[in-house]
Amino acid sequence: MKFSDFYKNGRPALSIEIFPPKTEKGVEVLFEELKILKMISPAFVSVTYGAMGSTRDLTKDLALRIHRELKLKTAFHFTCVGSGRIEMKDYVTSLACEGIDLVVALRGDKTADFKPAEDGFQFASELVAYLKTLHPFSMAVAGYPEKHIEAESFSSDLENLKRKVNAGADIVITQLFFDNTIYYSYVEKVRQIGITAQIVPGILPIQSLKQIQRITGLCGVNLPPALLTELESCGEDEAAMREVGVNYAIRQCRDLLQNGVPGIHFYSLNKSQSVLKIVEACRDLL
Ligand code: FAD
């Protein structure tokens, strides 16, 4: 099954992104969250790959467990920073042999002194092209409605997206954003340069002010002033912040669904409750 197949039945497809916990106890807690999230019938669950490959084995083990035990369609994220081709080949083909052939293919965030392996890759487009030579993977790639933080210009970043799609990517999943008009304008520009792949919006239900300031700071995403003020007014009350985050995401998702998005990819941060509340509040549009 390809990623694009999930968006073909006329109903928006929901997907869930999780990250691998570092401890066995953390994995058990996550499994309980996933059992709850199974109630929203996600089209797929995707497991991130830690910066510079730091969760290599954890990502693989977790993806396999979700695939085997929870019987959920599972995708694994894979980044090319820090790996040579043989290493990449061994990793991805071992997952393909187990029946997991949905890949979120990325360059990955690099450290300041990063140099690609001698036979490695510098950009995600090269990774996509290489993985296609190994196995008929279906691949999702990253899109940046507010431009990738390192890109020289918005248009050069769009050209990069085109290279990734032309190399064989099946769909695009966006970076998180908090202003839907930015997403709509992005889709328009993507279509203008001839990309026809589905552009699935990535939505992050905010859990805390500190955390979202860190995340948006790292990836250059704008936090609208009114949302920031609302979060600040919660003081130290994290439950209140989560409530603000859920209500904001509900408004965002309802608007996106009313405007015909193919689906929603939730950056769940391994928590089920916010996602469940959002989906419940959008039930009439799903
Ligand atoms: P690329 O598409 O290679 O782009 C990287 C930069 O290089 C961009 O600025 C681009 O414009 C520029 N560029 C590309 N090609 C060229 C060229 N030929 N010449 C000049 N410039 C070029 N990170 C992780 O480490 N693990 C994860 O699991 C993970 N999951 C993610 C999931 C999603 C949906 C998203 C949106 C991001 C995710 N990231 C993850 C973050 C991602 O790895 C970073 O944003 C990273 O900095 C860029 O990855 P990319 O695949 O977009 O890179």
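Please refer to the structure placed before this passage.
First things first, this report covers the structure right here in the doc. (Residues numbered from 1 in each chain as written. Predicted model: local features only at pLDDT ≥ 70, side-chain atom pairs only at ≥ 80, totals over all residues. Heavy atoms only, no water.)

Some details on the pattern of salt bridges
The full count for this structure, using the stated rule, is 10 salt bridges. Ionic pairing is found between Arg65 and Glu24, a salt bridge with its closest N-O pair at 3.7 Å. Taken together, the positions of Arg65 in helix α2 (residues 56–70) and Glu24 in helix α1 (residues 24–37) put the pair 41 residues apart, joining distant regions of the chain. By relative accessible area, which is 53% here, Glu24 ends up exposed. In this structure, Glu32 engages Lys35 in a salt bridge whose closest nitrogen and oxygen atoms are separated by 3.3 Å. Taken together, the residues Glu32 and Lys35, both in helix α1 and three residues apart, mark about one turn of the helix. Residue class for Lys35 comes out partly exposed when judged on its relative accessible area of 45%. In the salt-bridge network here, residues are joined through shared partners; they are Glu24, Glu28, Arg65 and Glu69. (Salt bridge = Lys/Arg side-chain N within 4 Å of Asp/Glu carboxyl O. Helix = DSSP H or I, 4+ residues; strand = E, 2+ residues; numbered from the N terminus. Buried < 20%, exposed > 50% of the residue type's maximum accessible area, 1.4 Å probe, protein only.)

Here we look at the pairing of strand β6 (residues 171–176)
Taking burial as the measure, the six residues of β6 include six buried ones, the bulk of the element. Both strand β5 (residues 138–143) and β6 contribute to a ladder of four bridges, which runs parallel. By the bridge assignment, Ala140 is partnered in β6 with Ile171. This β-α-β element, β5 to helix α5 (residues 154–166) to β6, shows right-handed connectivity. Relative to strand β7 (residues 199–203), β6 is paired through three bridges, and the arrangement is parallel. (Pairing = 2+ DSSP bridges. Right-handed = clockwise from strand over helix to strand, strands pointing away.)

Here's the deal with the packing of α5 against helix α6 (residues 180–192)
Viewed as axis vectors pointing N to C, α5 and α6 meet at an angle of 65°, and their least axial separation amounts to 10 Å. As α5 packs across α6, the resulting crossing turns out to be right-handed. In contact with Phe154, Leu158 and Leu161 of α5, α6 contributes Tyr186, Lys189 and Val190. A breakdown of the residues in the contact of α5 with α6 according to their chemical character gives five nonpolar, no polar and one charged. (Axes fitted to C-alpha atoms, helices over the stretch in contact; angles between N-to-C directions. Left-handed = near helix turned anticlockwise from the far one by under 90°. Contact = heavy atoms within 4.5 Å. Nonpolar A, V, L, I, M, F, W, Y, C, P; charged D, E, K, R; others polar.)

Observations regarding the environment of Gly220
Structurally, the position occupied by Gly220 is in the loop between α7 (209–219) and α8 (225–232). Given the relative accessible area of 35%, Gly220 is considered partly exposed. For the pair Gly220 and Lys147, spaced 73 residues apart in sequence, the C-alpha to C-alpha distance is 8.2 Å. With near-sequence residues (within four places) excluded, Gly220 lies in contact with Glu146 and Ile149.

Some remarks on the environment of Gly82
Here Gly82 is to be found in the loop between β3 (74–79) and α3 (85–97). Judged by relative accessible area, which is 46%, Gly82 ranks as partly exposed. Taking C-alpha positions, Gly82 is 21 Å from Asn160, a pair spaced 78 residues apart along the chain. Ignoring anything within four residues of it in the chain, the contact list for Gly82 reads Met52, Glu87 and Phe114.

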